[in-house]
Amino acid sequence: MVSSSEVNEESGVSVVDKIVKAWDINECWLYCIDFMEKTETVLQFRVKWSIPTRRAPIPAATASVYFTIDISKAEAQINYVLEAQRLIHQPDKSVFREKWLKDIITTKTMMMDDVTF
């Protein structure tokens, strides 16, 4: 898919963006990609999802998907995991479901409704 020698912080954002754009997600979802950390062999990115509206342009809850690009081998290995989950997905082997994002936001919204400040 991607050669490890070609991957850095900037190109990694492009790689993640290309994967995310291939997902079948309703256009009401907006996302931003943040570079998080780099070690000798791994780059980490966060894709933060939300559904802003005219009434609530800053959403109360967001859902994050964390990408890891392993550059220790000739061909980069790309994995992602959803926030608060442990199952590791590979873009070429897993079909992303919009429902996963909805479930995260629904859970956060229910929790916020239960907490009084």
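As shown above, the structure is provided for reference.
All values reported here derive from a predicted model rather than from experimental measurement. (Residues numbered from 1 in each chain as written. Predicted model: local features only at pLDDT ≥ 70, side-chain atom pairs only at ≥ 80, totals over all residues. Heavy atoms only, no water.)

Trainee: Can you lay out the pairing of strand S4 (residues 77-82) for me, pointing to particular residues and giving the numbers?
Mentor: As judged from the six bridges shared by strand S3 (residues 63-70) and S4, these two strands associate in the antiparallel manner. Paired with Thr 68 across the strands is Asn 79, a residue of S4. In textbook terms, the turn of a hairpin is the stretch between consecutive antiparallel strands, and for S3 and S4 this stretch comprises six residues. (Pairing = 2+ DSSP bridges. Helix = DSSP H or I, 4+ residues; strand = E, 2+ residues; numbered from the N terminus.)

Trainee: Which residues make up helix H1 (residues 9-22), and what values go with them?
Mentor: The end-to-end C-alpha distance of H1 is 20 Å, a good match for the 20 Å that 14 residues give at a rise of 1.5 Å each. Restricting attention to buried positions, one finds in H1 the residues Gly 12, Val 15, Val 16, Ile 19 and Val 20. Buried residues of H1 fall within an arc of 130 degrees about the axis and therefore sit on the same side. Exposed and facing more than 90 degrees away from the buried side of H1 are Glu 10, Lys 18, Lys 21 and Ala 22. Packed against the buried residues of H1 are strand S1 (30-38), strand S2 (42-50), S3 and S4. Sitting at the amino-terminal end of H1 is Asn 8, which places a side-chain oxygen 3.0 Å from the backbone nitrogen of Glu 10. (Expected span 1.5 Å × (residues − 1). Buried < 20%, exposed > 50% of the residue type's maximum accessible area, 1.4 Å probe, protein only. Arc of directions from axis to C-beta. Contact = heavy atoms within 4.5 Å. Polar contact = N/O pair within 3.5 Å; in protein donor to acceptor, adjacent residues only side chain to side chain.)

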